[in-house]
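Each chain is listed here by its residues.
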Amino acid sequence: MQVGDIETRAFGGEHLDGAVRLSREAGWPHRLEDWQVALDVSNGIVALDETGKVVGTTLITPYGDDCATINMVIVDASMRGRGVGRRLMDEALSLGGVRPLRLVATADGLPLYEKLGFRETGSVFQYQGVVGQVSPPADVDAATAADVAEITAIDRDAFGADRSSLICKLANIGEFAVIRRDGRITGFACIRAFGRGEVIGPVVATTIEDAKALVAHFMNRRTGAFLRVDTGNAALASWLSEHSLSHVGGGVAMARPALTRAPTSTFTTFALTNQALG
């Protein structure tokens with residue numbers, strides 16, 4: 001089958017089952033519910049073969065006019081090397097418009113993304129496993145609905161874009177924890193159901209010690225449960241490996257146009273939402 005025989009359409013709810021099949025065949029853990037969450041905050045494109053089977057997907061998650069992330073780029077194994085991935089990416093770039101774009105690349109996708117002008121900005125390390133005993137941290141509290149606006153503002157400062165729609169979605173389906181000092185939130189983390197268990201992220205704080213405390217807050221309450229954390233911070237990665245989670249993979253963080261200077265925020269994103277959403 002030639003790439004000309006492939007039809008691309010807007011990603012709709014009717015394509016979710018096919019997307020789940022694709023991600024499972026690729027070895028990704030995403031459930032139907034995880035795809036639905038991603039689609040709820042994103043626009044997407046699917047590639048369909050002549051029978052209507054989903055043979056490719058990509059999502060683009062816009063954060064206002066500040067930037068967008070490209071994610072869930074998957075091509076059926078039988079269709080790889082035929083230009084389907086390039087066609088999906090071209091349509092994603094069109095949806096992105098003039099916004100700066102970010103993504104996390106797998107080894108398979110890296111050459112294509114480099115051809116499209118993306119440049120490496122860092123590494124993402126995926127840790128997961130069954131949670132062991134973790135001591136409860138001090139000074140970490142469960143967030144309340146009243147905290148969401150302040151959490152959103154801190155996330156905007158750390159991420160460099162307005163992700164209010166994503167933070168609102170996470171508040172509806174997950175749990176937030178916060179660190180407060182002098183009556184102000186100085187760090188937060190989120191946990192939600194994902195894949196084989198739960199995922200922690202984003203984690204935003206001013207210091208690595210606060211980031212560890214926020215992750216420990218959730219780990220302490222989930223001894224024996226399966227947990228995933230995606231991080232680009234080497235110090236947090238080392239701490240995770242010391243606390244029962246194993247390094248199982250990751251990716252390359254990329255941006256287009258390439259980032260030319262470091263952010264000036266006092267906040268740092270220590271863990272991503274997950275590789276699907278940045």
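Refer to the structure printed above.
Keep in mind the model is a prediction, meaning the values are calculated, not measured.

Enquirer: Sorry if this is basic, but what is going on with the packing of aromatic side chains here?
Expert: The relative placement of two aromatic rings is captured by the distance of their centres and the angle of their planes. Enumeration according to the criterion identifies four aromatic pairs in this entry. With 5.6 Å between their ring centres and 85° between their planes, Tyr63 and Phe159 make a pair best called edge-to-face. Of this pair, Tyr63 sits in strand β3 (residues 54-63) while Phe159 sits in helix α5 (residues 148-159), and the two are 96 residues apart along the sequence. Of the two residues, Tyr63 and Phe159, neither departs from the other in class, the shared state being buried. The ring of Phe159 has Arg102 lying over it, and the distance from NZ or CZ to the ring centre is 4.2 Å.

Enquirer: Sorry if this is basic, but what is going on with the side chain of Thr58 here?
Expert: Its location among the elements puts Thr58 in strand β3. Filtering out sequence-adjacent residues up to four positions away, Thr58 remains in contact with Phe11, Asn43, Gly44, Ile45, Ile70, Asn71, Met72, Val73, Leu88 and Ala92.

Enquirer: Got a minute to help me understand the environment of Asp5 in this structure?
Expert: Along the chain, Asp5 turns up in the segment before β1 (7-10). As for Asp5 and Arg184, which are separated by 179 residues in sequence, their C-alpha atoms are 56 Å apart. Beyond its immediate stretch of four places on either side in the chain, Asp5 contacts Leu48 and Glu50.

Enquirer: Just to check I follow, could you spell out the side chain of Asp49 for this structure?
Expert: Mapped onto the fold, Asp49 is located in the loop between β2 (43-48) and β3. With no salt bridge to any partner, buried Asp49 finds its closest opposite charge in Lys53, at an N-O distance of 5.4 Å. Of the polar contacts made by the side chain of Asp49, one reaches the side chain of Thr51; its length is 2.6 Å.

Enquirer: Explain unusual backbone geometry here, please?
Expert: Backbone phi values are negative for most residues with the exception of glycine, while trans is the configuration of most peptide bonds. For the peptide bond that leads from Gly201 to Pro202, omega is 0°, which places it in the cis range. Structurally, Pro202 is set in strand β10 (residues 197-205). Cis rather than trans, the peptide bond between Arg256 and Pro257 has omega equal to -5°. Within the secondary structure, Pro257 is located in the loop between β12 (246-256) and β13 (268-271). If you check the backbone angles, Met72 has positive phi at about 55° while not being a glycine. One can find Met72 in strand β4 (residues 67-75). By relative accessible area, which is 5% here, Met72 ends up buried. Not every positive phi belongs to a glycine, and Asp182 is a case in point at roughly 55°. Locating Asp182 in the fold gives a position in the loop between β8 (175-181) and β9 (184-194).

Criteria and cut-off values
Residues numbered from 1 in each chain as written. Predicted model: local features only at pLDDT ≥ 70, side-chain atom pairs only at ≥ 80, totals over all residues. Heavy atoms only, no water. Phe/Tyr/Trp six-rings, centres within 6.5 Å; stacked < 30°, edge-to-face > 60°. Helix = DSSP H or I, 4+ residues; strand = E, 2+ residues; numbered from the N terminus. Buried < 20%, exposed > 50% of the residue type's maximum accessible area, 1.4 Å probe, protein only. Lys NZ or Arg CZ within 6 Å of the ring centre and 35° of its normal. Contact = heavy atoms within 4.5 Å. Lys, Arg positive; Asp, Glu negative; His and termini not counted. Salt bridge = Lys/Arg side-chain N within 4 Å of Asp/Glu carboxyl O. Polar contact = N/O pair within 3.5 Å; in protein donor to acceptor, adjacent residues only side chain to side chain.

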